[in-house]
Amino acid sequence: GAVVSQHPSWVICKSGTSVKIECRSLDFQATTMFWYRQFPKQSLMLMATSNEGSKATYEQGVEKDKFLINHASLTLSTLTVTSAHPEDSSFYICSANRDNNYGYTFGSGTRLTVV
Amino acid sequence: QKEVEQDPGPLSVPEGAIVSLNCTYSNSAFQYFMWYRQYSRKGPELLMYTYSSGNKEDGRFTAQVDKSSKYISLFIRDSQPSDSATYLCAPSSGGSYIPTFGRGTSLIVHP
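The notes below deal with the structure included here.

Parameters and conventions
- Within every chain, residues take consecutive numbers counted from 1 along the sequence as written.
- Chain labels run from A onward and ligand labels from 1 onward, assigned in the order the entries are written.
- A pLDDT threshold of at least 70 governs which residues receive local features in this predicted model, and a stricter bar of 80 or more applies before side-chain atom pairs are shown or counted, although totals over entire chains, interfaces and linings include all residues.
- Side-chain descriptors were evaluated using all non-hydrogen atoms of the structure, hydrogens and water having been removed beforehand.
- Only DSSP runs of H or I covering at least 4 residues are called helices, and only runs of E covering at least 2 are called strands; the numbering of each starts at the N terminus.
- Only heavy atoms enter the contact rule, under which two residues are in contact if any of them lie within 4.5 Å.
- Note on areas: these come from Shrake-Rupley sampling with a 1.4 Å probe, and a residue is covered only by the protein chains present in the view.
- Whenever two N or O atoms come within 3.5 Å, that pair is a polar contact, provided that in protein one can donate a hydrogen and the other can accept it, and provided that, for residues adjacent in sequence, both atoms are side-chain atoms.
- Pairs of strands are assigned from DSSP output, requiring at least two bridges between the strands.
- Buried area counts how much accessible surface, traced with a 1.4 Å probe, disappears from two parts once they are put together, with both parts' losses summed.
- Criterion for a salt bridge: a side-chain nitrogen of Lys or Arg within 4 Å of a carboxyl oxygen of Asp or Glu.
- Three classes are used: nonpolar for Ala, Val, Leu, Ile, Met, Phe, Trp, Tyr, Cys and Pro, charged for Asp, Glu, Lys and Arg, and polar for all others, with Gly counted as polar.

A separate point is the overall build of chain B. Of regular secondary structure, chain B possesses zero helices and 10 strands. Its helices and strands taken in sequence order, chain B reads β-β-β-β-β-β-β-β-β-β from the N to the C terminus. When the backbone C-alpha atoms are referred to their principal axes, chain B occupies close to 40 × 25 × 20 Å. Counted over contacts in chain B with a minimum sequence separation of 6, partners at least 24 positions apart contribute 54%. Working note: accessible area of chain B is about 5100 Å², and carbon and sulfur atoms make up 48% of it.

The next subject is the environment of A:Gln6. Residues and elements named next belong to chain A. Checked against the element boundaries, Gln 6 lands in strand E1 (residues 4-7). Sequence separation of Gln 6 and Tyr 92 is 86 residues, and the distance between their C-alpha atoms is 9.6 Å. Not counting residues within four places of it along the chain, the set of residues in contact with Gln 6 comprises Ile 21, Glu 22, Trp 35, Tyr 92, Ile 93, Cys 94, Gly 107, Ser 108, Gly 109 and Thr 110. A polar side-chain atom of Gln 6 sits 2.6 Å from the main-chain carbonyl oxygen of Tyr 92. Here the side chain of Gln 6 touches Thr 110 through a polar contact of 3.1 Å, side chain to side chain.

Let us now look at the pairing of strand E7 (residues 61-66) of chain B. All names here are of chain B. Relative to E7, strand E6 (residues 54-58) runs antiparallel, the two being bridged by five bridges. Bridging from a neighbouring strand, Gly 54 pairs with Val 65 of E7. Examined bridge by bridge, E7 and strand E8 (residues 71-76) share six bridges and lie antiparallel to one another. Residue pairing in the sheet places Ala 63 in a bridge with Leu 74 of E8. Linking two consecutive strands that pair antiparallel, namely E7 and E8, is a turn of four residues; a positive phi of about 55 degrees is found at Lys 70 within it.

A separate point is the interface of chain B and chain A. Every contact between the two is made by 19 residues of chain B and, on the other side, 21 residues of chain A. Where chain B abuts chain A, roughly 1600 Å² becomes buried across the two surfaces, and 60% of that area is made up of carbon and sulfur atoms. Applying the counting criterion to the chain B and chain A interface returns zero salt bridges. The tally of links between chain B and chain A comes to three residue pairs in polar contact (both at pLDDT 80 or more). Among the secondary structure elements, those contributing two or more residues to the side of chain B that touches chain A are strand E4 (32-38) and strand E5 (45-51) of chain B. A total of three residues in the side of chain B that touches chain A trace back to one element, the largest contributor, which is E4(B). Residues of the side of chain B that touches chain A, tallied by class, amount to 10 nonpolar, five polar and four charged.

Right, here's the structure in full:
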């Protein structure tokens, strides 16, 4: 089946620094990947749609200059949280859709803690 | 009103019980109805998928959709401790199929 790998699984960083999270589709090519954020006991909120070879599409209220997305190849999308602050601490999850249907596959998530 | 509503629980049941998890939604354009299971500190995994109204059974799991009342259910028979997880209701409309997630219901199955 479709496999999406996310790295790192957890990261702790100091306030003001930047953190990069990688999302890879291991056994399929993904022209589109999605980035979600999940706060404790809350639903997954779509942050942005990452498009291979073009600019990402951000959801309303998500700062594109703070959450930089790069989708340079058909198997890799990266999310960089710039100038991280404690309120950015959250669980970040990526997903991709191999067959362009309902079957979205999710990465295992990255727990970001900003201290 | 949120697009997808779920009772966060936790719902605690003994092993072997029948579990009923429910979800309501407000967007009439939703045509595809997914249930995802999410273990602690992990990404969601697709559990069940249903198109439009009706029932679908897969092993111990049955998904039920009533579009007229915008009500979605997931039933788990003979629940096991390994079923302990958060269950996310995630309907979507056609086209991109991007799911809209509820906040999930936490299920605890104790031995």
